[in-house]
Amino acid sequence: MTSIPSGPGAADPRPRHDADVLGVLMAPFTGTEVPAWLDGALEDGLASVILFGHNTPDPATARELSRAVHARSEDCVVAIDEEGGDVTRLQARTGSSLPTAWALGEADDPELTRDAGRALGDLLAACDIDLDLAPVLDVSTDPANPVIGTRAYGDEPDRVALHARAFATGLIDAGIGTCAKHFPGHGETATDSHTALPRIDLGSAQFEADHLAPWRIAPWLDAVMTAHVLVPALGEGPASIAPWSRPLLDRAVGGTFHGLVITDALDMAAVAEDPGYGEAAVRALEAGADLLCLGTSLRRDDEQMLREAHDAILAAVESGRIPRRALHERAERTRERLRSLRTRRRFVPAPELEDALAHGEALGAEAAARAVRSRHGHARLEGRPVVVLDLRHRAQHASGARTQQLVAALRERGIDASDPAEQGGPEQYRYPEPPSYPEPPSPHGGPDLPSRSSHGDPAAQVLAVTRLPRSDAEEGRRLVALLAQRPDTIVVHTGVPAAAPDHRLLVLAHGGGRTMMRAVVDLLLQGDAADGGAR
């Protein structure tokens, strides 16, 4: 971007933006106020901005920020990556009041799922947000998947389609735009696209049967997000920047999808490292994307992110690689679709923020209680002090760093609960940073984990939190070492059921967020009453 003159002999330092390029960009920015550099982009026609947890420390702040964006540009769509459960931005500080998608699929009540979508939609509307990058349409078929897991509604295509459509309907009822993700399917990956390019080595017939099937609901949604995944049976290159993905989507729905195609974040390592951030933006447009999600500015300069993508696309136009007319038509079409989302948002009355929060809390508690279960019906709290060990090792990049919620849930119920990681300070040991364990190592090859004399109480009960103990070697090692010392440990598993350890005292939480952990504690307090619902 260059500067444009302003008056005789004067130079205006404000960057000049190409309106057509801005018409296909969804840009991030840092902080809880609109930065000065973004003013110019909004004035020049930036199509959309996206909010992340660092923009939304609480819903009230998010509301004021969204209003500030709309005050500067009435048609700019404010988007957010808010799934509820473990992936929350609006409630990043406290944890989401809503359950994970997997928990909703486990309850298997489409009306409850629709109500959950409406509750989230009401919260977004109260915050003046227009577009939610949800629901998740991935089928979580690989228990070792580090990035999807309980974000999916299940491991079976029909269940995923049923509940994703119900959730999307709730969002739409609240006046919120919807974007299903991650096309053509991210559920059969053992690699996180935040850190590397996942490769899915299924044959085309199996992939289409297991992962493409839920996308038949796409025509009922406003947008589809393409994934940074490599599926050699379907074509060359990552779906988000490859020319085969858009025709595949058209074929999957019989040419009836007329919404927007939005890329997954282009700052993710899967494409940012190769072919590179700017080149990925150009290739995404060549592949048929309508709106480019540039990613999060948490680790990068926000203004530079917009500048780099803008200038790469403009250079492609000036070289003739992307025809100007084609870009202009794409930008106009994208703006038209986004204006319709803004019209919907303004047409549906938004509830008061406090009312939306209260309703979400009540609905989330009901849904979580119906989903959480003790696999064998033996796990229960016995009225003793509790020590909680978070054994999870692998970072969960989609949700970002989250405080460990189980200790807080126990304390809310009046239980004397402690977490050894707290001794080193909450910032240092906040999940997903690996917990610190005392030395020396135990004779079992694992860390020297708390014994019955932990914290001066020989009768303390131990609860352990897991997510990927079967596929993450370090997490598995920690669990084996703990169970060797304390076989009476209650394991609270936050991942998908197929990834859970084989242990007699096991609770399937279907997520690690606040509302799921509260439901876990309530289940453990029920004791014998919980046995009848175990399975």
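Right, let's talk about the pattern of salt bridges for a bit. Scanning the entire structure with this criterion turns up 41 salt bridges. Where Asp81 meets Lys181, a salt bridge forms, and the shortest distance between an N and an O atom there is 2.5 Å. Linking Asp81 in the loop between strand S5 (77-80) and helix H4 (101-107) with Lys181 in strand S7 (residues 177-183), this pair joins segments that are 100 residues apart in sequence. Asp81 gets classed as buried once you look at its relative accessible area, which sits at 12%. The residue Glu279 makes a salt bridge to Arg283 at a minimum N-O spacing of 2.8 Å. Here the residue Glu279 and the residue Arg283 both occupy positions in helix H9 (residues 269-286), the gap between them amounting to four residues, near one helical turn. By relative accessible area, Glu279 is classed as partly exposed at 25%. Among the charged side chains, a network of salt bridges with common partners joins Glu361, Glu412, Arg413, Arg514, Arg518 and Asp522.

A word on the pairing of strand S14 (residues 461-466). Across the six residues that make up S14, a large majority, six, are buried. Neither face of S14 is left uncovered, since the one carrying Gln461, Leu463 and Val465 and the one carrying Val462, Ala464 and Thr466 both have all their residues buried. Where strand S12 (residues 386-390) lies against S14, five bridges are found, and the strand directions are parallel. Bridging from a neighbouring strand, Val386 pairs with Gln461 of S14. Read as a crossover between parallel neighbours, the route from S14 over helix H14 (residues 473-485) to strand S15 (residues 490-493) is right-handed.

The step from Lys181 to His182 runs through a cis peptide bond, and the omega angle for that step is 5°. Inspection of the secondary structure puts His182 in strand S7. Here the amide bond leading from Phe183 into Pro184 is cis, since omega sits at 5°, within 30 degrees of zero. With respect to the helices and strands, the residue Pro184 is situated in the loop between S7 and helix H7 (204-212). Although it is not a glycine, Asp108 adopts a positive phi angle of roughly 55°. Along the chain, Asp108 turns up in the loop between H4 and helix H5 (110-126). Look at Asp108 and you get partly exposed, because its relative accessible area is 36%.

Attention shifts here to the nonpolar core. For soluble globular proteins, nonpolar side chains are generally found buried alongside one another. In terms of nonpolar packing, the biggest core is built from 95 residues, with Leu25, Leu46, Leu292 and Leu294 touching the most fellow members. Examining the composition of this core, we find that eight residues originate from one element, H5, more than from any other. In contact with Leu46, other than residues within four places in its own chain, are Leu22, Leu25, Ala27, Leu38, Ala41, Cys76 and Leu306. By size, the runner-up hydrophobic cluster in this structure holds 28 residues, among which are Ala103, Leu406, Ile490 and Val521.

Quick notes on the rules
Residues numbered from 1 in each chain as written. Predicted model: local features only at pLDDT ≥ 70, side-chain atom pairs only at ≥ 80, totals over all residues. Heavy atoms only, no water. Salt bridge = Lys/Arg side-chain N within 4 Å of Asp/Glu carboxyl O. Helix = DSSP H or I, 4+ residues; strand = E, 2+ residues; numbered from the N terminus. Buried < 20%, exposed > 50% of the residue type's maximum accessible area, 1.4 Å probe, protein only. Pairing = 2+ DSSP bridges. Right-handed = clockwise from strand over helix to strand, strands pointing away. Core = buried A, V, L, I, M, F, W, Y, C linked by side-chain atoms within 4.5 Å. Contact = heavy atoms within 4.5 Å.

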